[in-house]
Structure formats: structure tokens, C-alpha cells
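Observations on the three-dimensional arrangement
Read off the chains here:
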Amino acid sequence: MSIQNVMVIGAGQMGSGIAQVCAMAGYKVYLNDLKEEFVQKGFAAINKNLQRQVDKEKMTAEQKQEILSRLTASTDLQDAAQTDLVIEAAVENMKIKSDIFAKLDEITPEQTILATNTSSLPITEIAAATKRPEKVIGMHFMNPVPVMKLVEIIRGLATSDEVYQAIEDMTKTLKKVPVEVNDFPGFVSNRILMPMINEAIYTLYEGVAEKEAIDEVMKLGMNHPMGPLTLADFIGLDTCLYIMETLHEGFGDDKYRPCPLLRKYVKAGWLGRKTGRGFYSYEG
Ligand SMILES: CC(=O)CC(=O)SCCNC(=O)CCNC(=O)[C@H](O)C(C)(C)COP(=O)(O)OP(=O)(O)OC[C@H]1O[C@@H](n2cnc3c(N)ncnc32)[C@H](O)[C@@H]1OP(=O)(O)O
Ligand SMILES: NC(=O)C1=CN([C@@H]2O[C@H](COP(=O)(O)OP(=O)(O)OC[C@H]3O[C@@H](n4cnc5c(N)ncnc54)[C@H](OP(=O)(O)O)[C@@H]3O)[C@@H](O)[C@H]2O)C=CC1
């Protein structure tokens, strides 16, 4: 299975990062979103990241241009007809992901691998929206994608060994480290990380300490690079809530109940860094 042409769906913080690392590794990449303005926002983030590398003299201006030349904007899912691999990074919502996968199944050649960057949703259920469940796989990158080494690779019930191997090999070409896991809610990463973040939100909700104090305890006491509330803002509070809901529903265990304060913030549109306000303010 030779992978040369890739489409990344969703030009948000994850999709733009995934498109960037794919283009840096030499793949030709379509970056797809619903509207041109979202794609352009993704391109602007990539441009900023690459320019930072140029400014630090880790990359030449010519190399930056070469990488950018491998990226093509797309607002038409039909462009996926020319790809060997699609990596979906749209919002964390089963209906949206299933719709996208059903369409991709119609549009793409039969050998095209369909991967999802879902944080927590069952790969097996997403695969069931297609007639090629053996070619559907989870490829879970970490945020910020250009920096974080891990890609959790999740086998759905029907994922073939050949497809698993192709994705593991491709991940290594991105200079990332693949780790194989099975298809359970939240996989490994978010089954462990998100309850910790949710507990930090409960700690704030119950008035145990101020937000800065909670973050300081985990940063200085446990050597975490970011405190859990800062990290929640960084991930996106909507994404954090969707992941907790998937864990709660998937395991049917109340230990995963999302904190009411998290729900309130999401309802208010305080989604963290991406909207300028979450537990902290990021205006200006
Ligand atoms: C929700 C899910 O499903 C799964 C997830 O992704 S969970 C989230 C996982 N991610 C984390 O836990 C991140 C925790 N935070 C960290 O590791 C660090 O704070 C951090 C890497 C984000 C920043 O590190 P830092 O030391 O504070 O910052 P800084 O010194 O400015 O940056 C270090 C490098 O990262 C780069 N960087 C920082 N933020 C970046 C961003 N948002 N995008 C791209 N590059 C970034 C910098 O350019 C710098 O690169 P060089 O080494 O090439 O110079
Ligand atoms: N944030 C994180 O730390 C991580 C997130 N993930 C997962 O990655 C995925 C994306 O998350 P993230 O990048 O943070 O989210 P963002 O909200 O930053 O980006 C999502 C993007 O997808 C677009 N989109 C929504 N529906 C469609 C569609 N039908 N077709 C094409 N594009 C669409 C959105 O457009 P619009 O704004 O119009 O909705 C938006 O531009 C989620 O599944 C998330 O769980 C995985 C690892 C880490």
C-alpha cells in the first residue's frame, strides 16, 4: 500500500497540524473544511508555525515554500477521489463523522485508507458507516501536532493487519511514534487524561482552590508542562465535554460524569483558547 496523496478533513487546530506534518514529510495534502475561510485559517496557522521555524533558523525560507507548495485548499469532498489516505479531524461528533465516512466510501477508490483522528469515539462504529471497515482505522494525534511525538493507532474490530501496518509505517515517516491500542472509549490517552481534567474542574467547582492554584499544584508538584485547566482550555472545552460524554455513555459508569461547570462553560460558548475565553481569558 503506497501512500502519496493525503486529504485531511477539518482545518481546525488538529487538522491544520496534521496537514502540516504530512506536508513536511513530503506528502501532497488537500486540507478540507466546510468553508474557504476555515481552510484559510488553517493555512495561516501552518504558515505561522513554519515561519517560526525559519526565524529560529531551523528551516530555510525555500524549504518553507516547498512545504506550502504541497498543500492544496479544498472545500469539496470529491477531491478525496485522488487520495490514498484520508485523515478526518472534524468535530468530535458521531453523526458528523459517520456522514463524512459514508460519503468518503462512495468518493474514494477502493484501496484508499480512511483514518479518523477521533479522541474517543468508537472506530468500529465509524467504520460501520462504510462498506470497507477493514480499511478504517484510528490515527489519534496529540495537540500541538507538530510538537507531540505520539500517535495512538486504534484498530477497529475489522481493521486488517495490512492497513494497520501501512498506517504504522506512515506514522514513522512523519517522525512520530506509533502506539497500538484497541477500540475502547477514550482509547488509552483520554481514558486516563480526561478524568483527571474533569476532576480538576470539579475541584474548582467545589471551591477547593482557585484555578491558578489547581494548575500550580499539578505543574510544580507533578511536573506537568501545563496545569489541567490550562490544558483543558488548550484542547477545547467542547472537545473535553464530548470526550467525557463518550466515556460516560460507553462505560455506563458515573465515575465519568462530566462536571456541571464544564457543561456550563460550553453552553456559554467559552470553549477555551480557540474562542478567547475558557477558564482563562486569551483576548488580545
Ligand atoms: C485531547 C486529545 O484527544 C489528546 C491530546 O492531544 S491531549 C493534549 C496533549 N498535549 C499536552 O499535554 C501538551 C502539554 N503542554 C506541553 O507539552 C507544552 O506546554 C508545549 C509543548 C505545548 C509548549 O511547550 P513550552 O516549553 O511551554 O513552550 P515553548 O518553549 O514555547 O515551545 C517548545 C516548542 O514547541 C513549539 N510549540 C509550542 N506551542 C506550539 C503550538 N501550539 N503549535 C506548534 N508548535 C508549538 C515551539 O515553537 C517550540 O519549538 P522548537 O523546540 O522547535 O523551538
Ligand atoms: N483538541 C485536541 O486537543 C484534540 C482533538 N482531537 C480530535 O480532533 C478532532 C478535531 O478537533 P479540533 O481540531 O480540536 O477541533 P476544532 O474545533 O479546532 O476544528 C474542527 C474543524 O472541523 C470543521 N468541521 C466540522 N464539521 C465538518 C465537516 N463536516 N467537514 C469538514 N470540516 C468540518 C470545523 O468547522 P466549524 O468551525 O464550522 O464547525 C472546524 O474547522 C475532534 O475529533 C477531536 O476530538 C484529537 C486529539 C487532540
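Whatever comes next refers back to the structure up there.
Definitions and cut-offs
Residues numbered from 1 in each chain as written. Chains lettered and ligands numbered in written order. Predicted model: local features only at pLDDT ≥ 70, side-chain atom pairs only at ≥ 80, totals over all residues. Heavy atoms only, no water. Core = buried A, V, L, I, M, F, W, Y, C linked by side-chain atoms within 4.5 Å. Buried < 20%, exposed > 50% of the residue type's maximum accessible area, 1.4 Å probe, protein only. Helix = DSSP H or I, 4+ residues; strand = E, 2+ residues; numbered from the N terminus. Contact = heavy atoms within 4.5 Å. Pairing = 2+ DSSP bridges. Axes fitted to C-alpha atoms, helices over the stretch in contact; angles between N-to-C directions. Near = heavy atom within 4 Å. Polar contact = N/O pair within 3.5 Å; in protein donor to acceptor, adjacent residues only side chain to side chain. Areas by Shrake-Rupley, 256 points an atom, 1.4 Å probe, with all protein chains shown as cover. Nonpolar A, V, L, I, M, F, W, Y, C, P; charged D, E, K, R; others polar.

Focus on the nonpolar core
If you look at the biggest cluster of nonpolar residues, it comprises 38 residues, and the most contacted ones within it are Val 6, Cys 22, Leu 85, Ile 87, Phe 141 and Met 170. Of all the elements, helix H1 (residues 13–24) adds the most residues to this core, at six residues. Once you skip the residues sitting within four places of it in the chain, Met 170 turns out to touch Ile 3, Val 6, Cys 22, Tyr 27, Leu 85 and Met 139.

Considering the sheet that holds strand E7 (residues 150–155)
Either a parallel or an antiparallel arrangement is found when strands of a sheet pair, and the pairing is made through backbone hydrogen bonds. Taken in spatial order, the eight strands line up as E3-E2-E1-E4-E5-E6-E7-E8 in an open sheet, and their pairing is mixed. Lying at the two open borders of the sheet, with one neighbouring strand each, are strand E3 (71–74) and strand E8 (177–182). Here the strands of the sheet are splayed against their neighbours by 25° on average, with no regard to which way each runs. As paired elements, strand E4 (residues 85–88) and strand E5 (residues 113–116) share four bridges and run parallel to each other. Opposite Glu 88, over in E5, you have Thr 116 as the bridge partner. Along the sheet, H1 contacts strand E1 (5–9), strand E2 (28–32), E3, E4 and strand E6 (136–141); its crossing angle with E2, the most-contacted strand, is approximately 170°. Those strands touched by helix H2 (residues 36–55) are E2 and E3, and its axis lies near 155° from that of E3.

So, the site of ligand 1
For ligand 1, the set of nearby residues contains 19 residues, the closest of which are Lys 56, Lys 58, His 140, Asn 143 and Asn 190. Between ligand 1 and Arg 52, the relevant distance is 2.9 Å, taken from a nitrogen atom to a side-chain nitrogen or oxygen of the residue. When the free accessible area of ligand 1 is taken as 1100 Å², the share hidden by the protein chains comes to 63%. Going through the elements one at a time, H2, helix H7 (189–205) and helix H9 (228–235) are the ones with two or more residues in the shell around ligand 1. For the shell around ligand 1, the element with the highest residue contribution is H2, accounting for three residues. Taken together, the residues of the shell around ligand 1 break down into 10 nonpolar, six polar and three charged.

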